[in-house]
Amino acid sequence: MSFTLNIETDFSPQEVTEAIRSALEHEKHVARYKVKSYSSICRDFEAKFGFSSAELRTKLETANINKESSFFDWYAAKKGLDHWSKRLEILSGISF
């Protein structure tokens, strides 16, 4: 995969590169924070209910559990964890 950058300014290539690198590092920092936060929420729910976040979707789709509101909070946290984990993986693969 390749990217093209079209910037018509008086900025040097080094200045543009540094601005982009800084923005990417900031976004990686945010992604790491989000992954850590959502992981903690999921671990708390796992401890509370006694099954993994990976099992949650299957259990919600069956009638075998009482669908209390906590499960939907947990589901939202798991979705957030999955989203930010993917984003962090993508950002971590970018190099200059």
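Residues numbered from 1 in each chain as written. Predicted model: local features only at pLDDT ≥ 70, side-chain atom pairs only at ≥ 80, totals over all residues. Heavy atoms only, no water.

(A) Local environment of the nonpolar core. The biggest cluster of nonpolar side chains holds 13 residues, and the ones touching the most others in it are Val-35, Cys-42, Phe-51, Leu-56, Phe-71 and Trp-74. Those elements that place two or more of their residues in this core are helix H1 (13-49), helix H2 (53-61) and helix H3 (69-92). With 6 residues, the top contributor of residues to this core is H3. With sequence-adjacent residues up to four places away left out, Leu-56 is seen in contact with Phe-51, Phe-71, Trp-74 and Tyr-75. (Core = buried A, V, L, I, M, F, W, Y, C linked by side-chain atoms within 4.5 Å. Buried < 20%, exposed > 50% of the residue type's maximum accessible area, 1.4 Å probe, protein only. Helix = DSSP H or I, 4+ residues; strand = E, 2+ residues; numbered from the N terminus. Contact = heavy atoms within 4.5 Å.)

(B) Inspection of the packing of aromatic side chains at higher detail. All chains considered together, the criterion is met by 7 aromatic pairs. Arranged with centres 6.1 Å apart and planes meeting at 40 degrees, the rings of Phe-51 and Phe-71 form a pair that is tilted. Residue Phe-51 is found in the loop between H1 and H2, and its partner Phe-71 is found in helix H3; the two are separated by 20 residues along the sequence. No difference in accessibility class separates Phe-51 from Phe-71, as the two residues are buried. An angle of 35 degrees between the planes, with centres 5.0 Å apart, marks the rings of Phe-51 and Trp-74 as tilted. (Phe/Tyr/Trp six-rings, centres within 6.5 Å; stacked < 30°, edge-to-face > 60°.)

(C) Layout of the pattern of salt bridges. Within this structure, the stated rule accounts for 4 salt bridges. Of the charged contacts in the structure, one is a salt bridge between Glu-27 and Arg-87, with a shortest N-O distance of 2.9 Å. One end of the pair, Glu-27, is in helix H1; the other, Arg-87, is in helix H3, and 60 residues separate them in sequence. The shortest N-O distance in the salt bridge between Lys-78 and Asp-82 comes to 2.7 Å. With a gap of 4 residues between them, Lys-78 and Asp-82 both fall in helix H3, about one helical turn apart. (Salt bridge = Lys/Arg side-chain N within 4 Å of Asp/Glu carboxyl O.)

(D) Inspection of the confidence of the model for the protein at higher detail. When the pLDDT values of the protein are averaged, the result is 89; 96% of them are 70 or greater. Mean pLDDT in the protein bottoms out at H2, which sits at 84, and peaks at H1, which reaches 95. (pLDDT = per-residue confidence, 0-100.)

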